[in-house]
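If you want the building blocks of each chain, they are given just below.
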Amino acid sequence: MVPKKHAEEHFLNTHAPVSCSLCNEMMERDILPIHKGENCPKRIVTCEFCEFPLPAIDLAEHQEVCGNRTELCNLCNRYIRLRERYNHETRCTGVSDHNAGSSRDVRAAEREQGGPRREAREFSRRRLLFTMAITGIAVLLGSLFFQRKAEDT
């Protein structure tokens, strides 16, 4: 129950139709924060494999490709798909899989001769920070653009 004298204010703050700034879908004002955080197809989510931020609507297609990339298991020297990494880590016995003349043996030998490989997490963190910076700049420029557009109308 809302007192009659506060009914209009209540309607404007709670039930007035508003448009999502990301996808332009119309909804009641009080639903907007939940929509933007959980349901909006254009909200930014992060890939579980590479930590790259992208719109939720594109996540499944991206992860289909990204999850098929491989990384070397340091215990068994086999290349494992990123989507299978967790299951592999729990079952890996550390026994090397020596297939006749496998290219992974050549790559392992090349790594031993060369310098140390960069840690994957270090690369991911740097890329994430770079992406966050670019995203921040894009949001800032977008808000300035929309602010000027709103002033012009």
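Residues numbered from 1 in each chain as written. Predicted model: local features only at pLDDT ≥ 70, side-chain atom pairs only at ≥ 80, totals over all residues. Heavy atoms only, no water.

Draft legend 1. A look at helix 3 (residues 56–66). Along helix 3, the positions that sit buried rather than exposed are Ala56, Leu59, Gln63 and Cys66. Seen end-on, helix 3 carries its buried residues on one side only, within an arc spanning 65°. Among the exposed residues of helix 3, those oriented more than 90 degrees off its buried face are Ile57, Ala60, Glu61 and Val65. Lining the buried residues of helix 3 we find strand 3 (44–46) and strand 4 (53–55). (Buried < 20%, exposed > 50% of the residue type's maximum accessible area, 1.4 Å probe, protein only. Helix = DSSP H or I, 4+ residues; strand = E, 2+ residues; numbered from the N terminus. Arc of directions from axis to C-beta. Contact = heavy atoms within 4.5 Å.)

Draft legend 2. Inspection of the environment of Arg81 at higher detail. Note that Arg81 resides in strand 6 (residues 79–81). Residue classification places Arg81 among the partly exposed positions, given a relative accessible area of 40%. Taking the C-alpha atoms as reference points, Arg81 and Arg69, separated by 12 residues in sequence, lie 5.5 Å from one another.

Draft legend 3. Fine view of the side chain of His88. As for its placement among the helices and strands, His88 is situated in helix 4 (residues 85–91). Dropping the residues within four chain positions of it, His88 is found in contact with Cys73, Cys76, Arg78 and Ile80.

Draft legend 4. Quick look at unusual backbone geometry. Positive phi, normally seen in glycine, also occurs at Glu51, with a value near 65°. Structurally, the position occupied by Glu51 is in the loop between strand 3 and strand 4. The phi dihedral of Asn77 is positive, around 60°, even though this residue is not glycine. As for its placement among the helices and strands, Asn77 is situated in the loop between strand 5 (70–72) and strand 6.

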